[in-house]
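A look at the structure
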Amino acid sequence: MESKKEFFLECYKLGIIKFGRFTLKSGIESPFYVDLRPLASDPKILKSLANYLLEMLPLDNFDLICGVPYAALPMATAMSLESYIPLIIKRKEAKNYGTKKLIEGIYQKGQNCLLVEDVITSGKSLIETIAEVEQEDLKVADIVVVLDREQGGTQLLESKGYKVHTLFNISEVCEILQENGELSDEEVKRIQDFLQGNHIQFEEKTKSSYEQKLSSTQHSVSKKLLETAIAKQSNLIASADVTTTQELLDLADKVGTHVIALKTHIDVISDFEYEKTITPLKALAAKHNFLLMEDRKFADIGNTQELQFTSGVFKITDWADFVTSQVIGGFESLDCFKNVGVVAIIGMSSKGTLTTSSYREEALKVALSHPNVIGGVSQNTLPEELLLFTPGVNLADSGDGKGQQYNTPEHVFRTLHTDFIIVGRGIYKAENPEQAAITYKNEGWKAYLNSL
């Protein structure tokens, strides 16, 4: 393979960079214009480019390759052919017919995906692409870029924890062209002056604070959750997946001071008796100031759900502050939950879940329009109107071998803009559940503050 300098000069002959005065999409006048799309028209150069990009990367880290549409798509394809790493294709926008998919190809949730970009300026297109790829429960940690315009995009992405691998930057390119007699000293100086004064700040949508959400929310349970979070400086919900009353009450007493809610699966308590189980549990909730979340995941027609909610031995309506429910029964199936908040199941954290993007889209329509719904359980971002409850959070950031996929607090606040983290085995299976709860409380709160 020829030297990197020689390779660039071959690319330059295709007219990929022009110098003069150009008005960019942002309205800024630039002394240079970059368009790498002609590289796809030269198979030899495209093949060499793919290999140069692959040489920079730890290939064992990646399960998939995805190009940012559209200019990077042929580059990503060439890299896939050279490396035998499977390619997935991201559409600019989802089709409104057929499967309505935004990501095309064969992949599994939890796989690591390398993003390929032709030119990075502000980083906006990459931030948007990362969010959409991660909506499919894929992980993005590395990005490879052919040319960095040195206008702030790389720094933005690296500040968010992503590793950016760049083949060329504009300063390096100008130096090569100056040495080769293609650029004068005056032109290089003009470009350098432009770069120093034109770092582009990509204005991302900021996450609302708990105080901001509290000022706009209407539901009483939402208000109480947010007030509790602010008062305790905690966004932690502990999942009590235990099977006896004593285990449930012991856990509630140990972690109650540090959580905003305790999530129960009351139907797995083998020795359940209302007076011996629920009465002391409610007393502990009052003592330690936390809410009770019954993770019943109701999933039936409205009449049946109402009976399950109000009747039987559990009488959930008498003690739960909020419950989880599937929305597969439609809008009216949620009408029975009048005295509690409803957390809609928009997406699940288990591997192979059937809550696909098209299902999530329809589920969101119900969740956003029903007055009983306060938020959603999801592994993806939700509209600001809904509180986001993210399960599967574990500091280990690994699976359990049974399909469960974990996320760290930092990850879910940074990329999903979650509101509350739900931690199960990381707390109730810990040798010291109280200390584990303190750790998760502190990590969750720190991640929340860093996300604002």
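Small disclaimer: the values here were computed from a predicted structure and weren't measured.

1. Considering the domain arrangement of the protein chain
Taken domain by domain, the protein chain holds domain 1 (4–196) and domain 2 (210–451). Centre-to-centre, using C-alpha coordinates, domain 1 lies 40 Å away from domain 2.

2. Things to note about the pairing of strand β10 (residues 261–264)
What you see with β10 is no split at all: A261 and K263 on one side and L262 and T264 on the other are buried throughout. As defined by bridge partners, strand β9 (residues 236–240) adjoins β10 across four bridges and the pair is classed as parallel. Residue I237 lies in a different strand from β10, and its bridge partner there is A261. In this view, the connection linking β9 to its parallel neighbour β10 by way of helix α10 (residues 245–255) has right-handed handedness. Here β10 runs beside strand β11 (residues 291–298); their pairing, made up of four bridges, is parallel. Its bridge partner lying in β11, A261 is registered against L291. In this region the chain leaves β10, passes through helix α11 (residues 274–288) and returns to the parallel neighbour β11; the handedness of that crossover is right-handed.

3. Some thoughts on the sheet that holds strand β14 (residues 373–377)
Strand order around the closed barrel formed by eight strands is β9-β10-β11-β12-β13-β14-β15-β16, with parallel pairing between neighbours. Between one strand axis and the next, the sheet turns through 25 degrees on average, direction left out of account. Both strand β13 (residues 341–345) and β14 contribute to a ladder of four bridges, which runs parallel. Residue pairing across strands places A344 opposite G376, the latter belonging to β14.

4. Details of the sheet that holds strand β3 (residues 64–67)
Strand order in the open sheet made by the six strands is β5-β4-β3-β6-β7-β8, with mixed pairing throughout. One side of each edge strand has no neighbouring strand; the edge strands of this open sheet are β5 (103–104) and β8 (163–169). Sitting on the sheet, helix α2 (residues 43–55) is in contact with β7 (139–148) and β8, with an inclination near 130 degrees to β7. Docked against the sheet, helix α6 (residues 170–179) engages β7 and β8, running at close to 20 degrees with respect to β8.

5. Considering the nonpolar core
Grouped together as the largest cluster of nonpolar side chains are 75 residues, with contacts concentrated most on L225, L262, F322, F389, F420 and I427. The element contributing the most residues to this core is helix α16 (residues 433–451), with six residues. Not counting residues up to four positions away in its chain, the partners in contact with L225 are I260, L291, F322, I374, L387, F389 and F420.

6. Focus on the side chain of D142
As for its placement among the helices and strands, D142 is situated in strand β7. Buried charge without a partner: D142 forms no salt bridge, and the closest opposite charge is K163, 7.1 Å away. Only 2.7 Å separates the side chain of D142 from the side chain of H165, close enough to count as a polar contact. Apart from residues lying up to four places away in sequence, D142 is in contact with F62, C113, L114, L115, K163 and H165.

7. Things to note about helix α7 (residues 185–197)
For α7, spanning 13 residues, the distance from its first C-alpha to its last is 19 Å, which sits close to the expected 18 Å at 1.5 Å a residue. Residues of α7 that are buried make contact with β1 (17–23), β2 (29–34) and α6.

8. Things to note about empty space enclosed by the protein
Tallied over the full model, the rule gives three cavities of 30 Å³ or more. By volume, the second largest cavity amounts to about 60 Å³. Lining the second largest cavity are F7, F8, C11, I16, L36, L39, V146, L147 and F168. At the level of secondary structure, the elements contributing two or more residues to the lining of the second largest cavity comprise α1 (4–12) and β7. The greatest single-element share of the lining of the second largest cavity, amounting to three residues, is contributed by α1. Residue composition of the lining of the second largest cavity, by class: nine nonpolar, no polar and no charged.

9. A closer look at the side chain of S122
The residue S122 is located in the loop between β6 (112–120) and α4 (124–134) in this model. A relative accessible area of 14% means that S122 is categorised as buried. Looking at S122, its side chain comes within polar contact range of the main-chain nitrogen of K124, at 3.2 Å.

10. Brief notes about α2
A rise of 1.5 Å per residue sets the reference length of α2, with its 13 residues, at 18 Å; its end C-alpha atoms lie 18 Å apart and thus fit the reference within 8%. For α2, the full list of buried residues reads I45, L46, S48, L49, A50, Y52, L53 and L54. Contacts made by the buried residues of α2 are with α1, α3 (73–83), β7 and β8. Two or three places before K44, at the opening of α2, D42 has a side-chain oxygen 3.2 Å from that residue's backbone nitrogen.

11. Some thoughts on the packing of α6 against α7
For the pair α6 and α7, the least separation of the axes is 10 Å and the interaxial angle reads 175 degrees. Here α6 lies roughly antiparallel to α7, going by the angle between them. Residues I170, S171, C174 and Q178 of α6 pack against D185, V188, I191 and L195 of α7.

12. Examining the packing of aromatic side chains
Per the counting criterion, the structure on display carries 16 aromatic pairs. On the numbers, 5.9 Å between centres and 40 degrees between planes, the contact of F322 with F389 is tilted. Pair noted here: F322 is in strand β12 (residues 322–325) and F389 is in strand β15 (residues 387–390), with a separation of 67 residues, a long-range link. On the basis of relative accessibility, which here comes to 0%, the residue F322 falls in the buried class.

Rules and cut-offs
Residues numbered from 1 in each chain as written. Predicted model: local features only at pLDDT ≥ 70, side-chain atom pairs only at ≥ 80, totals over all residues. Heavy atoms only, no water. Domains from an automatic or database assignment. Buried < 20%, exposed > 50% of the residue type's maximum accessible area, 1.4 Å probe, protein only. Helix = DSSP H or I, 4+ residues; strand = E, 2+ residues; numbered from the N terminus. Pairing = 2+ DSSP bridges. Right-handed = clockwise from strand over helix to strand, strands pointing away. Axes fitted to C-alpha atoms, helices over the stretch in contact; angles between N-to-C directions. Contact = heavy atoms within 4.5 Å. Core = buried A, V, L, I, M, F, W, Y, C linked by side-chain atoms within 4.5 Å. Lys, Arg positive; Asp, Glu negative; His and termini not counted. Salt bridge = Lys/Arg side-chain N within 4 Å of Asp/Glu carboxyl O. Polar contact = N/O pair within 3.5 Å; in protein donor to acceptor, adjacent residues only side chain to side chain. Expected span 1.5 Å × (residues − 1). 1 Å grid on protein atoms, 1.4 Å probe; cavity = no way out; pocket = protein on both sides within 12 Å on 5 of 7 lines; lining within 4 Å. Points joined across faces, edges and corners; volume = space filled by probe spheres on them. Nonpolar A, V, L, I, M, F, W, Y, C, P; charged D, E, K, R; others polar. Parallel < 35°, antiparallel > 145°, perpendicular 65-115°, else oblique. Phe/Tyr/Trp six-rings, centres within 6.5 Å; stacked < 30°, edge-to-face > 60°.

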